Amino acid sequence: MEITYHWEGDYLIPDLKLSDTTEYHIGKYGRMRQRFLKENHGGVYSYMILLETLWEHLAEIDEACYGAVKGEQSSPHCIKNANGGILKKSKLGIDRN
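The structure displayed is predicted, hence computed values, not measured ones.

Criteria and thresholds
- Residues numbered from 1 in each chain as written.
- Predicted model: local features only at pLDDT ≥ 70, side-chain atom pairs only at ≥ 80, totals over all residues.
- Heavy atoms only, no water.
- Helix = DSSP H or I, 4+ residues; strand = E, 2+ residues; numbered from the N terminus.
- Buried < 20%, exposed > 50% of the residue type's maximum accessible area, 1.4 Å probe, protein only.
- Expected span 1.5 Å × (residues − 1).
- Arc of directions from axis to C-beta.
- Salt bridge = Lys/Arg side-chain N within 4 Å of Asp/Glu carboxyl O.

Engineer: Help me out: how do you make sense of the environment of I26 in this one?
Structural biologist: Examined against the element boundaries, I26 turns out to sit in the loop between β2 (11-14) and α1 (28-40). Judged by its relative accessible area of 17%, I26 is buried. Between the C-alpha atom of I26 and that of W55, which follows or precedes it by 29 residues, the distance is 7.8 Å.

Shown next as structure tokens:
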């Protein structure tokens, strides 16, 4: 992969573009997941940002948990616990919130 550059005054700036430019709707549960990953699993959080998979993951979690709270669907990512709260299971099975 060859990186091209352009001049900005006296500096060469790389011409970098994101491969995924989709705008995802991130609601309450997606933001909660983001905060959890950032505070408790910084490495996973950074890795997902670098791979450009974080926003898709957050949107998926938000949609699944919102549907589970509304009782519309059964989700493999969210389960209601005895207190009515939501437990989130990651694909790796290590992250729960």
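Having seen the structure, we can now continue with the description.
Engineer: What should I look at first to understand α1 in this one?
Structural biologist: For an α-helix, 3.6 residues make a turn, and residues three or four places apart therefore share a direction. For α1, with 13 residues, the first-to-last C-alpha span of 18 Å sits near the 18 Å given by 1.5 Å per residue. Taken together, the buried positions of α1 are Y29, G30, R33, Q34, F36 and L37. The buried residues of α1 occupy one face: seen down the axis, they fall within an arc of 165 degrees. For α1, exposure combined with an orientation more than 90 degrees from the buried face picks out K28, R35, K38 and E39.

Engineer: Can you help me understand the pattern of salt bridges in this one?
Structural biologist: Where side chains of opposite charge bring their charged atoms close, a pairing between them can arise. According to the stated counting rule, one finds 1 salt bridge in the structure shown. We note a salt bridge from R35 to E39, for which the minimum N-O separation is 2.9 Å. Of this pair, R35 and E39 both sit in helix α1, 4 residues apart, which is roughly one turn of the helix. Like R35, the residue E39 is exposed in the burial classification.

No statement about biological role is implied by the geometric values presented.
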